[in-house]
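Survey of secondary and tertiary structure
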Amino acid sequence: MRYALLLLMVSLAAREPLPELTWGAATDGNVPYAFHPDNTDALVGFEKDIVDAIARRLGRQPKAVRNDWDGLVPGVQAGKYDIAINGIEISDDRAKEVDFSIPYFKCYEQIVVRRGGPRPESLAAMSGLRVGTLGQTLALELLENTPGVEAVRYDQELQAYNDLATGRIDAVLLDVPIAKYYAGPDPRLELIGEPIGEIRYAIALRKGSALKAPIDAALRGMIADGELRRILSKWDLWGPAQASLYGQPPEPLGTPDGYLDYVSRVRDSVSWTEKLARYFSPEALSLLAKGAGLTLALSLSAMLLAVALGLILALARVYGPTPLSWLAATWIEVIRGTPLLIQTLFLYYGLPNIGIQFPPFVAGVLALGINYAAYEAENYRSGLRGVPRGQLEAALALGLTQRQALRHVIVPQALRVCLPTMTNDFISLLKDSSLVSMITLLELTGSYQRLATQYYDYFLLGLLVALIYLLLGLPFVRLARQLERNLDGDKAAR
Amino acid sequence: MSYPQIDAVPDLRAELISKAYGSIQVLKGISLHLRPAELVCMIGSSGCGKSTLLRCLNGLEPVDGGSITLDGAPVSPLDLRRRVGLVFQGFHLFPHLDVMGNLLLAPGLLRPEFTKEDTDYAEQLLARVGVSPELFNRRPHQLSGGQQQRVAIARALALRPDAVLYDEPTSALDPERTADVVALIRDRQQEGLAQIVVTHDMPFARALACRTIHLDHGEVVADAADLLTAPRDERTQRFLRACLA
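Attention in this report is confined to the structure presented alongside it. Computed from a prediction, not measured in an experiment: that's the story for all the values here. (Residues numbered from 1 in each chain as written. Chains lettered and ligands numbered in written order. Predicted model: local features only at pLDDT ≥ 70, side-chain atom pairs only at ≥ 80, totals over all residues. Heavy atoms only, no water.)

1. Brief notes about the overall build of chain A
Put simply, the test is: We count a stretch as a helix when DSSP gives it H or I for four or more residues in a row; a strand needs E for two or more, and each element gets its number in order from the N terminus. For every residue, the accessible area (1.4 Å probe, protein chains only) is compared with the maximum for its type, and the residue is labelled buried under 20%, exposed over 50%, or partly exposed between those bounds. Here a residue-residue contact requires only that any non-hydrogen atoms of the pair lie within 4.5 Å. Every accessible area reported is derived by Shrake-Rupley at a probe size of 1.4 Å, with residue values counting cover from the shown protein chains alone.
Counting its secondary structure elements, chain A contains 20 helices and 10 strands. Counting every position in chain A, which comprises 494 residues, the buried fraction comes to 50%. Counting only contacts in chain A whose residues sit at least 6 apart along the sequence, the fraction spanning at least 24 positions is 71%. Accessible surface for chain A amounts to roughly 23100 Å². Of this, 60% is attributable to carbon and sulfur atoms.

2. Observations regarding the pairing of strand β5 (residues 105–114) of chain A
All names here are of chain A. Selection rule: Paired strands, in this sense, are two strands between which DSSP finds at least two bridges.
Of all 10 residues that make up β5, nine are buried, and the element is covered over most of its length. By the bridge criterion, five bridges tie β5 to strand β8 (residues 171–175) in an arrangement that is antiparallel. Across the sheet, Gln110 pairs through a bridge with Leu174, a residue of β8.

3. Concerning helix α8 (residues 212–224) of chain A
All names here are of chain A. So the rule is basically this: By definition here, a helix of n residues has an expected span of 1.5 Å times n minus one. The arc in question is the one spanned by the directions pointing from the helix axis to the C-beta atoms.
Spanning 13 residues, α8 covers 18 Å between terminal C-alpha atoms, matching the ideal 18 Å at 1.5 Å per step. Listing the buried residues of α8 in full gives Ile215, Asp216, Ala218, Leu219, Met222 and Ile223. One side of α8 holds all its buried residues, which, seen down the axis, span an arc of 160°. For α8, exposure combined with an orientation more than 90 degrees from the buried face picks out Ala213 and Ala224.

4. Quick notes on the sheet that holds strand β6 (residues 84–87) of chain B
Residues and elements named next belong to chain B. The criterion, for reference: Axis lines are fitted through C-alpha atoms, for helices just across the contact stretch, and the angle between N-to-C directions can take any value from 0 to 180 degrees.
The strand order β6-β7-β8-β3-β9-β10 describes an open sheet built from six strands, whose pairing is mixed. Every other strand in the sheet has two partners, leaving β6 and β10 (219–224) as the edge strands with one partner each. Pairwise comparison of adjacent strand axes, ignoring direction, gives a mean angle of 20° for this sheet. Examined bridge by bridge, strand β3 (residues 39–43) and strand β9 (residues 211–216) share four bridges and lie parallel to one another. Pairing of Met42 across the sheet is with Ile213, part of β9. The strands touched by helix α5 (residues 145–157) within the sheet are β6 and β7 (163–167), with β6 carrying the most contacts at an inclination of about 165°.

5. Description of unusual backbone geometry
Cis peptide bonds are those with omega within 30 degrees of zero, and the linkage from Val31(A) to Pro32(A) qualifies with 0°. With respect to the secondary-structure elements, Pro32(A) resides in the loop between β1 (20–25) and α2 (46–58). The phi dihedral of Leu16(B) is positive, around 50°, even though this residue is not glycine. Considering the arrangement of structural elements, one finds Leu16(B) in strand β1 (residues 12–21). Judged by relative accessible area, Leu16(B) falls into the exposed class, the value being 55%. A positive phi angle, near 65°, is found at Phe91(B), a position not held by glycine. Mapped onto the elements of the fold, Phe91(B) is located in the loop between β6 and α3 (99–110). The buried category is assigned to Phe91(B), whose relative accessible area is 5%.

6. So, a nonpolar patch on the surface
All names here are of chain A. Note the threshold: Nonpolar side chains (Val, Leu, Ile, Met, Phe, Trp, Tyr) are joined into patches within 5 Å and like charges within 9 Å, using only residues with over 30% relative accessible area and no salt bridge. Only one rule defines a salt bridge in this text: a Lys or Arg side-chain nitrogen within 4 Å of an Asp or Glu carboxyl oxygen.
Taken together, the side chains of Leu467, Leu470, Leu471 and Leu474 make up a nonpolar region of the molecular surface, amounting to roughly 380 Å² of accessible area. Tracing the backbone through its elements, the reader meets Leu467 in helix α20 (residues 459–493). Of the residues examined, Leu467 reaches a relative accessible area of 45% and is grouped as partly exposed.

7. Here we look at the side chain of His36(A)
Residue and element names in this part refer to chain A. Short version of the rule: What qualifies as a polar contact is a pair of N or O atoms within 3.5 Å, subject to a donor-acceptor requirement within protein and to the restriction that residues adjacent in sequence count only when both atoms come from side chains.
Turning to its location among the elements, His36 is positioned in the loop between β1 and α2. A polar side-chain atom of His36 sits 3.2 Å from a polar atom in the side chain of Thr27. Here His36 is in contact with Thr27, Asp41, Ala42, Leu43, Arg450 and Gln454, once residues within four sequence places are set aside.

8. Considerations on the pattern of salt bridges
Pairing between side chains of opposite charge can happen when their charged atoms approach one another. Residue and element names in this part refer to chain A. A complete count under the given rule lists 37 salt bridges over all chains for this structure. A salt bridge links Asp52 to Lys48, with the nearest nitrogen and oxygen atoms 2.7 Å apart. Here the residue Asp52 and the residue Lys48 both occupy positions in helix α2, the gap between them amounting to four residues, near one helical turn.

9. Observations concerning the interface of chain B and chain A
The cut-off we apply is this: The term buried area refers to how much accessible surface (probe radius 1.4 Å) is lost by two components on association, counted for both of them together. Each residue is assigned to one class: nonpolar for Ala, Val, Leu, Ile, Met, Phe, Trp, Tyr, Cys and Pro, charged for Asp, Glu, Lys and Arg, and polar for all the others, Gly among them.
With 23 residues of chain B in contact, the opposing surface of chain A contributes 20 residues. Summing the contributions of chain B and of chain A, the shared interface buries around 1900 Å²; its carbon and sulfur component is 63%. By the criterion of area lost to chain A, the three top residues of chain B are His96(B), Leu109(B) and His141(B), representing 30% of everything that side buries. Counting every contact that joins chain B to chain A gives one salt bridge. Glu393(A) serves as the salt-bridge partner of Arg55(B), at 2.5 Å between the closest nitrogen and oxygen. Mapped onto the side of chain B that touches chain A, the elements with two or more residues apiece are α1 (50–58), α2 (77–83), β6, α3 and α5 of chain B. In terms of residues, the side of chain B that touches chain A owes the most to one element, α3(B), which gives four residues. Across the side of chain B that touches chain A, the residue classes tally to 14 nonpolar, four polar and five charged.

Below is the structure:
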C-alpha cells in the first residue's frame, strides 16, 4: 500500500510539465536544419537535435515555432520565442540586434554547377555568370561584391537548384549543408571548387537574455562529451572544419543515419502512381485541407470586407458631396491601379515601420478586402445607377430622408442587380488569395510550395492543387448561375 | 363597416411660387389655395408646368420664389413631403417589397410609435382602394396596372397626409378603368381628403366634374368650377378645341 502511494507520488511528480524552451525556425524546406520529413508534423534535422539536447540539459521542454526565415531575428527581438536557431550566421550587423551563443557549427559556401555547364571554381571565375542564392546570406553578400556576377535571389533552396538543373542559371552558391542535401543527391548537379568564405552558425537570443549563459554552458558540455560531434556525424556534417572549431578529432562519431535516411528518400526514383499515392497520404491531404480551409476563411472574410467597404465607397462616389465623391473616386483609382502584391507587402512589412502591426491573417484579409472593395465599388456604382430615378423620388416624396431612401429603397435594389458580378469577383478573390503566402500564411498555394519542395515535384502537385482551387470555386459558380436564373425569372415575370 | 376618419385639416396655400430649370422658367408666380376636402383638376398642354407644380407642392422640388404654407404656417420641404402625398404617373412602387411592405415602409421609418394599429390602418386603406387581401403579399410586378395604381394611392395615404396630389392617374390604364379611378378619388373626397389631379385626359377631367385650373406656360390661365363646360378665357377655349380635335 505504502509502495503504491509512493509510485503515485512519483508519477505525479513526473507529470508536472517542464518549463518550455520555445525556438523559432523556418521549417518549410530547410533541409537538413529542421524540416518535416514527408510532410508529417514530425520535425527532424541537426538543429532540431541540438535544441533537444540543450533543452534536456536545461531541464526544459522544447517547442518549435514556425516563422519565415527573414522574420526569425525580428521574432527574437519581439519575444515571439526564446531563441532562434536556423543556420543564422554570426555577423556584425546581426550582433547589434541580438545576442549570439557560442557557435555550434562552422562551414563554407559551396559552389554547385550543372554537369555539362560552366565550371567556375572560385568567386572570381563566376564573373559574367548568373548565380543563384538565398536572401540575407553571406553568399549573397559575396556574390554582390564580386564584379561581373549577376546574383539571383531565391526564397527556396530547391527553386535555386531546380533552375540550375534546367539551365536558367549557371551556378548556385550556398552553405555546405544546403548544397550537400539539395544538390548532392541530384545526378544533374555537381559540387565543385574551393571553400569560399567562412560561416559560423550560432543561436540568436534577445539582447541581455538570461538564457545566454546556460545555453553556452550546455553547448560547451555537448562539445566536451562528444554529443555535438555525434549529432553532426549523424547528419554527415562532421569534418575538419568542425574539428578545428572545437579542437576535436576530425573523424565522425557513429553512422550518418540522418543523412542516409534522407538520401534514400530522395534517391528512390518514384513512379507516378507512387507519387499520386503519396499525395493522397493522410499527411499530405491534411496539409492541403488545412491550406484550403485557410484559403476559404481568408477569402470569405476578405469578401465580406470588400462588400461592406465597396458599398460605402460607391455611395460616397454616387451620392456624396463633391469633395467626398472626388476622394472616393481617387481612392478607387489608386487601389485599382496598383498591384495587389505591393499592397499586401506594404500592409504587412511596410506599415510596422510607422508602428502599425497586423497579424498575418488580418493583414491578408485587409489587403484582399481593400483591393476588392475598389472593384465592388465600381460594381455597385453601376448597380446604383441602374435603379430608376423614380425610385429615389418615390421614397423622398413619401417623406423619407435621403439616407433612409438609400438604405431602404435604392441599395437593396442595387444589390440584387450586383449579386452575379459579386459572386464572380469572389471566385477571382479565391484565386488571388494565394498572394498572402508571401506574408507567412500557409494557405493552399503555400501548402503546395511546401509539399513541392518536399517531394521535388511542382508538376503533378500543381495539377492537384489547381483541381482543389477549382473545387473550392465551383459551389460559388453554381450559386452565381442560380442567382442569375432567379433574377432573369423575375424580369421575365415583370 | 366604418372607417376611421382621415384627420385632415388641410388648408394648402401656394403664394406666387416660381421655379426654373436652368434658363427655362417653368413656373411663373403661381398662387393656389386648396381648401379642406376640396377636389381640384388641373389641365394644360404638355410642358405647361403641371407636373413641376405638383412636385413643388409636395416638396420634392424646392421652389425658387414664393411660399407654400399649411394652415397658414410655412413648412420645410421635408415636412411638406410627409404631409402632402404624391402619386406618380408611373406609380414607382418599390419592386423589392410586397404590397404591405410598400405601404408600411414610410410609416415604419417615420413614426417612432409604429404599432399594430398602423398595420391595421394599412390593411383598411388597401380595402378602401379595392385591393383584396390575397394581393397583400404580392410583389408589384405580379399586379395588374390598375392594381398597382390602387397600391400607389394607398401608399400615399398610409402616412395620413393632409392632401394628396395625383400626376396623370389614368395614363397607364385602359380607358374602361377610368371610371374606377373617378370613384376612388370621389371616395377619398367623401372621407375629407383634399386632392389635386393633374391630367390631360379630357373625358376623365369631365367625369371628375370639379373645380378646374388651366395651366399654360407656367401661369394659371383660368380657375373655375365650370371651366370645362363654359370656358371664358380665349386660351382655354382654344386648348379645349385642340383636345377635341
